[in-house]
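Residue-level listing of the chains:
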Amino acid sequence: MSLNGKTTADTSDTVIANPCSFFPDIELQSFIDNYRLPGEYNEAPLVYELKMAVRHVNEELTDFVLILQSVVDVETLAAFQADLADVYKMAVMHWARSGLIKYFETINRKSSAEIQGDRSEIIVTEWKGEAQEAIDYLAKKILLVAEENGALPTRRKYADGFRASII
């Protein structure tokens, strides 16, 4: 899937309403413009993947937001820190972009489709990794403020960006 093709001439007024009022809504046209999605893409899969991405990112961040809101009276992410709203949108759009690859395989160009099929898993992993980095950044910023306001006991510092899992 080429994400640097000609963008659509039509503009979309579709806005993905965020079910969690703390996080910003996502504009479909912004997604199309930022990732230069070709005009022949149908709007339905774009909307679907954005909605799934919003759900995923919200699930990842909900606990951190609840911790923050237990000590800081803040209603929206933009009111908390305006620049973090853009990071949130980036996380959602990266996650949605990773889901789009399954919809737009090249049918009329066999060699392109074969190359894309070989690389699709690598591309999806890379895009989801970028989305996860943005989610981790948001979580870290939210937890730092919550910790400063007494929501959490002082914790030990670990390497930035390190995720540990217990086997």
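In this report, the structure presented in the accompanying data block is examined. (Residues numbered from 1 in each chain as written. Predicted model: local features only at pLDDT ≥ 70, side-chain atom pairs only at ≥ 80, totals over all residues. Heavy atoms only, no water.)

### Describing the overall build of the protein
(1) Moving on: Across its full length, the protein carries five helices and two strands.
(2) Moving on: Ordered by position in the sequence, the α and β elements of the protein form the string β-β-α-α-α-α-α.
(3) Moving on: When the 167 residues of the protein are sorted by exposure, 40% land in the buried category.
(4) Moving on: Residue pairs in contact within the protein that sit at least 24 positions apart in sequence constitute 76% of those at least 6 positions apart.
(5) Moving on: Carbon and sulfur atoms make up 51% of the accessible area of the protein, which totals about 10300 Å². (Helix = DSSP H or I, 4+ residues; strand = E, 2+ residues; numbered from the N terminus. Buried < 20%, exposed > 50% of the residue type's maximum accessible area, 1.4 Å probe, protein only. Contact = heavy atoms within 4.5 Å. Areas by Shrake-Rupley, 256 points an atom, 1.4 Å probe, with all protein chains shown as cover.)

### Section: the nonpolar core
(1) Moving on: Counting 40 residues, the largest nonpolar core has F31, L50, L68 and Y88 as the members making the most contacts within it.
(2) Moving on: Put simply, the parts of the chain that give this core at least two residues each are helix 1 (28-34), helix 2 (43-69), helix 3 (77-80), helix 4 (82-100) and helix 5 (110-148).
(3) Moving on: Excluding its chain neighbours within four sequence positions, the residues that come into contact with L68 are F22, V74, F80, I142, V145 and A146. (Core = buried A, V, L, I, M, F, W, Y, C linked by side-chain atoms within 4.5 Å.)

### Here's the deal with the pattern of salt bridges
Side chains that differ in charge, positive against negative, can pair when their charged atoms come close.
(1) Moving on: Inspection of the entire model under this criterion finds two salt bridges.
(2) Moving on: When the shortest N-O distance is used, the salt bridge between E59 and R55 registers 3.2 Å. One end of the pair is E59 and the other is R55, both in helix 2 and four residues apart, which spans about a single turn.
(3) Moving on: For E130, the salt bridge identified is with R97, shortest N-O distance 3.0 Å. Separated by 33 residues along the polypeptide, E130 in helix 5 and R97 in helix 4 bring together distant segments of the chain.
(4) Moving on: Assessed through its relative accessible area of 30%, E130 is described here as partly exposed.
(5) Moving on: Look at R97 and you get buried, because its relative accessible area is 10%. (Salt bridge = Lys/Arg side-chain N within 4 Å of Asp/Glu carboxyl O.)

### Digging into the packing of aromatic side chains
(1) Moving on: Applying the stated rule across the entire model yields three aromatic pairs.
(2) Moving on: Ring geometry for F22 versus F23: centroids 5.3 Å apart, planes at 85°, classification edge-to-face. Assigned by exposure class, F22 and F23 land together as buried.
(3) Moving on: Each ring, one from F31 and one from Y35, has its centre 5.5 Å from the other, and the planes form 65°; the classification is edge-to-face. In this pair, the class of F31 matches that of Y35, namely buried.
(4) Moving on: One aromatic cluster is present, formed by F22, F23 and Y88 through successive ring pairs. (Phe/Tyr/Trp six-rings, centres within 6.5 Å; stacked < 30°, edge-to-face > 60°.)

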